[in-house]
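Now for the letters of each chain:
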Amino acid sequence: MNKKTLKDIDFKNKKVLVRCDFNVPLDEEGNITDDRRIKSSLPTINYLLDEGAAVILMSHLGRPKGKPQSKYSLKPVAERLSLLLNKKVIFEDCDMVVDDGVKASAAKLNPGDVMLLQNTRFREEETKNSGTFAKDLSSLGEIFVNDAFGTAHRAHSSNVGMCEYLPSAVGFLVEKEIRTMGDALKEPKRPFTAILGGAKVSDKIAVIENLLNIADNILIGGGMAYTFLKAEGYSIGKSLLEEDKVDLAKELMEKSKTKGVKLILPVDTVVGKEFKNNTEFITTSSDSIPPDYMGLDIGEKTIEVFKNVINSSKTIIWNGPLGVFEMDNFAKGTNAIAEAIAKNKDAVSIIGGGDSAAAVEKIGLADKITHVSTGGGASLEFLEGKVLPGIEAVDNKE
Ligand code: AMP
């Protein structure tokens, strides 16, 4: 990895601005329902404090669309962070995020102090990386650390903009994300298996295209599998179909053959009459889905086929659930595959953020996985082989 990391910089007596991903889920009353994102920023924050820095934290929360809105305030995050760090967190509840008052209190910070700014998306300039917002933010400190992987695929003021004004480094969380995923894509231990699911083929086309150059096996499940089955010439009943992607699915299957990549589709599928948990359901072979049924999960035989491939793999990347895992009757495929990945101790296993990460968390297997990414969109773009602007902008090692 050629980007500067925390170990490359002396933070003693410095004011360090850290972009975190505190975009946590909140309930109706504004209580945090899952604080994993806050917890995962602690190693970087604690390291900086131990090294003698004062830290000024920045994050977005939700989509306030450039306007201050109290329901998107970072106040609950400040409170939770204070509990987790066991120290005071100075919360700057400023609608402008940074103004003369915030500048004055930042100037008074001492080593060991922690300050949290208000939601960066209260300012319109944030998502456009325009105006003087990045310059104003950077005037608060002397060094910038990007530890928000979840927004690394976006060029915003609080990540890309900051790097224009301050010396920069990636934090521990971003370092782990890019090291694990980067190594897996650059020099994978083989066999390398990618498992792709989720609702839409269109979201995963670029990922499949890129992985056709790298992977040995690509296992396809979830709603997107039915467009591929249709491309094979099968009737798929009322299953999810992207009609305009059938030809492309055919092309991808052809390409996999010429490149020697095994692209494996479900051999059987659990089909239901309606899109709900307590619908009538049966398992059928993938080539005989009845007209009035829809595919909602991979079947037992497919689970076995996929498991065999997973068991003999040395690198596994998984993105997207293999069925409608939110409904218990159709979560079996997703759970079985999560278990199989967790059980393979010889493999480097990586799970893209979003639904597949939620699935392994739900069944308590996250700690058996080498790396569960904190960024859904960012990890997908990484798997597409794209350069992430939020990381690209950070200083290179000298
Ligand atoms: P994505 O955001 O593309 O990763 O898709 C995740 C969503 O795909 C989840 O909400 C799943 O319920 C849904 N999904 C998975 N399998 C199917 C299926 N066979 N039919 C419809 N939706 C599905």
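Residues numbered from 1 in each chain as written. Predicted model: local features only at pLDDT ≥ 70, side-chain atom pairs only at ≥ 80, totals over all residues. Heavy atoms only, no water.

## A word on the site of the ligand
Around the ligand there are 16 residues in total, and Ala-199, Gly-295, Gly-323, Glu-326 and Asp-355 lie nearest to it. One nitrogen or oxygen atom from the main chain of Ala-199 is found 3.0 Å from an oxygen atom belonging to the ligand. Computed on the free molecule, the ligand has an accessible area of 510 Å², of which 80% lies beneath the protein chains in the complex. Classifying every residue of the shell around the ligand by side-chain character gives seven nonpolar, five polar and four charged. (Near = heavy atom within 4 Å. Polar contact = N/O pair within 3.5 Å; in protein donor to acceptor, adjacent residues only side chain to side chain. Areas by Shrake-Rupley, 256 points an atom, 1.4 Å probe, with all protein chains shown as cover. Nonpolar A, V, L, I, M, F, W, Y, C, P; charged D, E, K, R; others polar.)

## Looking at the pattern of salt bridges
Per the stated rule, a full pass over the model turns up 21 salt bridges. Taking the shortest distance from any N to any O, the salt bridge between Asp-216 and Arg-190 comes out at 3.0 Å. Note that Asp-216 is positioned in the loop between helix H9 (205–211) and strand S8 (217–220) and Arg-190 in the loop between helix H8 (172–186) and strand S7 (192–196), a separation of 26 residues in sequence. Judged by its relative accessible area of 25%, Asp-216 falls in the partly exposed class. Since its relative accessible area comes to 42%, Arg-190 is described here as partly exposed. Residues joined by salt bridges that share partners form a network here, namely Asp-34, Arg-36 and Glu-361. (Salt bridge = Lys/Arg side-chain N within 4 Å of Asp/Glu carboxyl O. Helix = DSSP H or I, 4+ residues; strand = E, 2+ residues; numbered from the N terminus. Buried < 20%, exposed > 50% of the residue type's maximum accessible area, 1.4 Å probe, protein only.)

## A look at empty space enclosed by the protein
Scanning the model with the defined rule gives one cavity of 30 Å³ or more in all. In this structure, the largest cavity spans a volume of roughly 40 Å³. Looking at the lining of the largest cavity residue by residue, the classes come out as one nonpolar, four polar and three charged. (1 Å grid on protein atoms, 1.4 Å probe; cavity = no way out; pocket = protein on both sides within 12 Å on 5 of 7 lines; lining within 4 Å. Points joined across faces, edges and corners; volume = space filled by probe spheres on them.)

## Quick look at the domain arrangement of the protein chain
Entries for the protein chain in the domain assignment read domain 1 (6–171) and domain 2 (180–383). Counting residues at the interface gives eight residues for domain 1 and 10 residues for domain 2. Regarding the contact of domain 1 and domain 2, the summed buried area is about 630 Å², with carbon and sulfur atoms giving 59% of it. Linking domain 1 with domain 2 are two salt bridges. Between Glu-361 and Arg-36 there is a salt bridge; the shortest N-O distance is 2.6 Å. Inspection of the domain 1/domain 2 interface yields two residue pairs in polar contact (both at pLDDT 80 or more). (Domains from an automatic or database assignment. Contact = heavy atoms within 4.5 Å. Buried area = accessible area lost by both parts, 1.4 Å probe.)

## Topic: the packing of aromatic side chains
As enumerated under the stated definition, the model contains two aromatic pairs in all. Arranged with centres 5.2 Å apart and planes meeting at 75 degrees, the rings of Tyr-47 and Phe-172 form a pair that is edge-to-face. With Tyr-47 in helix H2 (residues 42–50) and Phe-172 in helix H8, this residue pair connects regions lying 125 residues apart in the sequence. The class for Phe-172 is partly exposed, based on a relative accessible area of 24%. Ring geometry for Phe-281 against Phe-330: centres 5.2 Å apart, planes inclined by 70 degrees, an arrangement best described as edge-to-face. With a gap of 49 residues between them, Phe-281 in strand S11 (residues 281–285) and Phe-330 in the loop between strand S13 (315–319) and helix H13 (332–343) connect regions that are remote in the sequence. (Phe/Tyr/Trp six-rings, centres within 6.5 Å; stacked < 30°, edge-to-face > 60°.)

## Let's talk about the packing of helix H12 (residues 300–311) against H13
Contact geometry for H12 and H13: axes closest at 10 Å, N-to-C directions at 20 degrees. With respect to each other, H12 and H13 are oriented roughly parallel. The chirality of how H12 crosses H13 is right-handed. Residues Ile-303, Phe-306, Lys-307 and Ile-310 of H12 form the contact with H13, whose participating residues are Lys-332, Gly-333, Ala-336, Ile-337, Ala-340 and Ile-341. A breakdown of the residues in the contact of H12 with H13 according to their chemical character gives seven nonpolar, one polar and two charged. (Axes fitted to C-alpha atoms, helices over the stretch in contact; angles between N-to-C directions. Parallel < 35°, antiparallel > 145°, perpendicular 65-115°, else oblique. Left-handed = near helix turned anticlockwise from the far one by under 90°.)

## Points about the sheet that holds S11
Picture the strands of a sheet paired through backbone hydrogen bonds; they go either parallel or antiparallel. Read from one edge to the other, the open sheet built from three strands follows the order S11-S10-S12, with strand pairing classed as antiparallel. Looking at strand neighbours, the two that pair on one side only are S11 and strand S12 (294–298), the edges of this open sheet. Within this sheet the neighbouring strands show an average axis-to-axis angle of 40 degrees, counted without direction. For strand S10 (residues 268–272) and S12, the ladder comprises four bridges, and the chain directions are antiparallel. Paired with Gly-272 across the strands is Met-294, a residue of S12. Relative to the sheet, H12 contacts S10 and S12, its axis offset from that of S12 by approximately 40 degrees. (Pairing = 2+ DSSP bridges.)

## Quick look at the sheet that holds strand S2 (residues 54–58)
Strands sit in the order S3-S4-S2-S1-S5-S6 across an open sheet of six strands; the sheet is parallel. This sheet does not close on itself; its edge strands, each paired only once, are strand S3 (90–92) and strand S6 (168–170). Between one strand axis and the next, the sheet turns through 25 degrees on average, direction left out of account. Two elements, strand S5 (residues 143–146) and S6, share three bridges in a ladder whose sense is parallel. In the strand pairing of S6, Val-145 is matched with Ala-169. Helix H3 (residues 75–85) rests against S2, S3 and strand S4 (114–117) of the sheet, and its axis sits at about 160 degrees to S4. Most of the contacts of helix H4 (residues 100–107) go to S4, to which it runs at about 165 degrees, and overall it touches strand S1 (15–19), S2, S3 and S4.

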